[in-house]
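Here are the chains, one letter per residue:
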Amino acid sequence: MVIWTGIETGMDNRYFPRSVRHLSCALLVGAVTLLAFAPAAPAADRTTAAPATAARRTAAAVTAPSPGTFTGLGFDACTAPSAETMQAWLAASPYRAIVIYFGGVNRACTQPNLTASWVAAQQAAGWHLVPVYLGLQAPCTTSTKRYLIDAANAAAQGRIQAEDAVAQAKALGLAPESVLIFDMEAYRTDDPACRSAVLAFMSAWTARLHDLGYLSGFYSSMASGVADQVAAYNTTGYVRPDYLDFARWDGVATVSDPAIPSSYWSPQRRMKQYRGDHNETWGGVSINIDNDYLDVAPIPATSFGDFNGNGWSDLLSRQPATGNLYLYPGNGTSLGIRTTIGTGWNGMDVIIRTDFTGDGHGDLIARDKATGYLWLYPHTPSGWGSRIRLGTGWNSMREITPVDDVNRDGYRDVLAVQASTGYLYLYPGRGTSFGPRSSLGTGWNTMDELAGVGDFNRDGHQDLIARQKSTGNLFLYPGRTGGLGTKLQVGTAWNGMRDLVGVGDFNRDGYPDLLAIEKSTSYLYFYRGRGTSFAARIRLGVGWGGMQPLL
């Protein structure tokens, strides 16, 4: 449970929100108990023949994702200016970014100019577009907006609003991976139920945008919306927005603020509205605007682990009690409702996930415990293809581990330890078969829980995580041309964990991450990679004792 208490100094208009053109706001003093979000558990599920691939089915947009990479000045106007005005301001003004109010039931201004052709033309001219959606407002809003969140249905409404926002964004040609910013006007800070409803709404909004292949932004005043987002930033189960757009009308063009920790929404995930409602004239054309300063860039893509094609790393796991195989969709901070993607997997004693065929879809490799055969199960947009036998005699190998392209030939590879000798072998992938194996070293019978984590230290080589059986120490083996470098200790007391698995860049902060189950509690934990170490772990779920392996 997280408690936040904030103090606002009077009616200083430096904290007013975007719609101040249409309303006056009162910012109150108060405290809030943030909503406790339930971690994902492997209990409830829905069954389908194959996982959704919404992002893959989306038609290619004619524009690049918005706002793209930009650091500098922007402005917002209630109505998108005409093409002629935009051309005049591009030639004469210091601005290169513009907020566009593209949808929402509380959007007040008409948008006669805002069309798909206008969007394409402005992007082609060099403008960075910042899409803002003015949807349902807090039940305790201090604005005059008519349509409000129903606290009892906040999460459901957040999902529905996200779906509407994506539909309107697509109609305008705003590409997948664009940031859709929700404009949440100021609200009272003395109503915990209201503030919890806002968090439930926004968590569902962000999760659903991720499902549909778009990114989430949040705009609000410092005293209410922004303060609550800061307090909820690391709350278990809360799906925080990817970008923050905050209002502080102090005339200072910066995205730094003492009320927002420097590590939050960083790097290049912030925008500030630093001056409110006023007229400016450039190129002989006047517009009533607010001033913004942006420091934004696309967030890094995950290098692997995205099974359902929405841009975020996912988790797969088998339930030994039933033999069912499940997909747990990731959204950057938590896991969604699981989906059954296979049955009858209890005949396999090793299952790993990797894009072995190189077609952009996550395949499975599994060992038949009765025969020792190693099988490839290719995954396609329509489901599972016919399995392909990769080899025989694999009962003599242990710690069969997927790794990225170690030898840089364009295919994913596999590592395995020969139990009789302790040799670690590289099996180079060839898409539907292996090339000749090569030894990477001896003495590996002292290690277990090998996990391919990708380029963990970001030096361009594929790295390996392994646990020392006798001590529980965790080591990073950095990849080198032709093998592995000198190991680096990255953790202690890991004997209490099982099923360590690399899932790519789960939170898309630019570093590969690790998931694992704690034996004593059956909690599922997320370990955020930091290149040569892990940040403090975050619990993703409970009740994972009946699931094995993770992949």
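An unreviewed UniProt entry lists the chain under the name Repeat domain-containing protein, with Micromonospora purpureochromogenes given as the organism.

(A) A look at the overall build of the chain. Counting its secondary structure elements, the chain contains six helices and 34 strands. Here the analysis covers contacts within the chain between residues at least 6 apart in sequence; of these, 59% occur between residues at least 24 apart. Of the roughly 20,200 Å² of accessible surface on the chain, a fraction of 52% belongs to carbon and sulfur atoms.

(B) Up close: the sheet that holds strand E34 (residues 538-541). Read across the sheet, four strands follow the order E31-E32-E33-E34 without closing on themselves; strand pairing throughout is antiparallel. Two strands close off the open sheet at either side, each with one partner strand: strand E31 (497-502) and E34. Going across the sheet, the axis of each strand differs from the next one's by a mean of 30 degrees, ignoring polarity. Examined bridge by bridge, strand E33 (residues 524-527) and E34 share three bridges and lie antiparallel to one another. In the sheet register, Leu 524 faces E34, and the bridge partner there is Gly 541.

(C) Summary view of the environment of Leu 450. Within the fold, Leu 450 resides in strand E25 (residues 447-454). With a relative accessible area of 7%, Leu 450 lands in the buried category. Residues Leu 450 and Ile 400 lie 50 residues apart in sequence; the distance between their C-alpha atoms is 8.1 Å. If we skip the residues at most four places from it in the chain, Leu 450 touches Glu 399, Thr 401, Val 417, Leu 424, Trp 444, Leu 464, Ile 465, Ala 466 and Leu 500.

(D) Spotlight on the environment of Leu 440. Inspection of the secondary structure puts Leu 440 in strand E24 (residues 438-441). Among the residues examined, Leu 440 registers a relative accessible area of 18% and is labelled buried. Sequence-wise, Leu 440 and Tyr 423 are 17 residues apart; in three dimensions their C-alpha atoms are separated by 7.4 Å. Residue contacts for Leu 440: discarding those within four places in its chain leaves Leu 415, Leu 424, Leu 426, Gly 482 and Gly 483.

(E) Local environment of the packing of aromatic side chains. Evaluated as defined, the whole model comprises 30 aromatic pairs. Aromatic side chains Tyr 523 and Tyr 525 sit 6.2 Å apart centroid to centroid with 65 degrees between the ring planes, which places their arrangement in the edge-to-face category. Through pairs of rings, three or more aromatic residues link up here, namely Phe 456, Trp 494, Tyr 523, Tyr 525, Tyr 527 and Phe 534. The ring of Tyr 373 is capped by Arg 389, whose NZ or CZ atom sits 4.6 Å from the centre of that ring.

(F) Geometry of the state of the cysteines. What the rule picks out here adds up to two disulfides. The disulfide bridge from Cys 78 ends at Cys 109, spanning 1.6 Å between sulfur atoms. Between Cys 78 and Cys 109, the S-S torsion sits near 90 degrees, and that sign places the bridge as right-handed. Within this pair, whereas Cys 78 is found in the loop between strand E4 (70-76) and helix H2 (83-92), its partner Cys 109 is found in the loop between strand E5 (97-103) and helix H3 (116-125), the two being separated by 31 residues in sequence. Each member of the pair Cys 78 and Cys 109 is classed as buried. Here Cys 140 is linked by a disulfide to Cys 194, with a sulfur-sulfur distance of 2.0 Å. Between Cys 140 and Cys 194, the S-S dihedral sits near -85 degrees, and the bridge is therefore left-handed. Taken together, the residues span a long stretch of sequence, with Cys 140 in the loop between strand E6 (128-133) and helix H4 (154-171) and Cys 194 in helix H5 (residues 192-211) at a distance of 54 residues. On the accessibility criterion, Cys 194 (2% relative accessible area) is buried. Should the bonded cysteines of the chain be numbered as they appear in the sequence, the pairing reads 1-2, 3-4.

(G) Broad picture of the nonpolar core. Counting 55 residues, the largest nonpolar core has Phe 75, Leu 180, Met 184, Met 202, Trp 205 and Ile 260 as its most contacted members. For this core, the element with the highest residue contribution is H5, accounting for nine residues. Apart from the residues lying within four places of it in its own chain, the contact partners of Ile 260 are Met 222, Val 226, Val 230, Leu 244, Phe 246, Trp 265 and Arg 270. Core analysis: the second largest hydrophobic core is formed by 18 residues, Val 99, Val 132, Val 179 and Ile 299 among them.

(H) Quick peek at the side chain of Arg 270. Within the secondary structure, Arg 270 is located in strand E10 (residues 269-282). One buried charge, Arg 270, has no salt-bridge partner; the nearest side chain with opposite charge is Asp 257, at 7.2 Å. Leave out the neighbours within four places in its chain, and Arg 270 touches Leu 244, Val 255, Ser 256, Asp 257, Ile 260, Pro 261, Ser 262, Tyr 264, Trp 265, Leu 294, Asp 295 and Val 296.

(I) Geometry of unusual backbone geometry. Ser 266 connects to Pro 267 through a cis peptide bond whose omega is -5 degrees. Tracing the backbone shows Pro 267 in the loop between strand E9 (243-247) and E10. Residue Gln 548 is joined to Pro 549 through a cis peptide bond whose omega torsion reads -5 degrees. Within the element layout of this structure, Pro 549 appears in the segment after E34. The backbone phi angle of Glu 177 is positive, close to 80 degrees, even though this residue is not glycine. A relative accessible area of 26% means that Glu 177 is categorised as partly exposed.

Conventions adopted
- Residue numbers restart at each chain and count upward from 1, following the sequence in its written direction.
- Per-residue local features are limited, in this predicted model, to residues with pLDDT of at least 70; the limit for side-chain atom pairs, both in listing and counting, is 80 or more; totals at the level of whole chains, interfaces and linings are taken over all residues.
- Water and hydrogen atoms were dropped before computing side-chain values, which therefore reflect all heavy atoms in the structure.
- Per the convention used, a helix needs a DSSP run of H or I reaching at least four residues, while a strand needs a run of E reaching at least two, with both numbered from the N terminus.
- The criterion used for residue contact is that any of the two residues' heavy atoms lie within 4.5 Å.
- In these tables, accessible area is a Shrake-Rupley quantity obtained with a 1.4 Å probe, and a residue counts as shielded only by the protein chains included in the view.
- The pairing criterion for strands is at least two bridges between them, as found by DSSP.
- The convention used is that axes are lines fitted to C-alpha atoms, helices contributing only their stretch in contact, and that angles between N-to-C directions extend from 0 to 180 degrees.
- Working definition: with a 1.4 Å probe on protein chains only, accessible area under 20% of the residue-type maximum means buried, over 50% means exposed, and in between means partly exposed.
- Each Phe, Tyr or Trp ring, with Trp reduced to its six-membered ring, pairs with another whose centre is within 6.5 Å; inter-plane angles below 30 degrees give stacked pairs, above 60 give edge-to-face pairs, and intermediate values give tilted ones.
- Geometrically, a lysine NZ or arginine CZ counts as sitting over a ring once it is within 6 Å of the ring centre and also within 35 degrees of the ring normal.
- A pair of sulfur atoms, both from cysteines and within 2.5 Å, is called a disulfide here.
- Put simply, buried Ala, Val, Leu, Ile, Met, Phe, Trp, Tyr and Cys residues joined by side-chain atoms within 4.5 Å make one nonpolar core.
- Neither His nor the chain ends contribute to the count of charged residues, in which Lys and Arg are positive and Asp and Glu negative.
- Just to be clear on terms, a salt bridge is a Lys or Arg side-chain nitrogen sitting within 4 Å of an Asp or Glu carboxyl oxygen.

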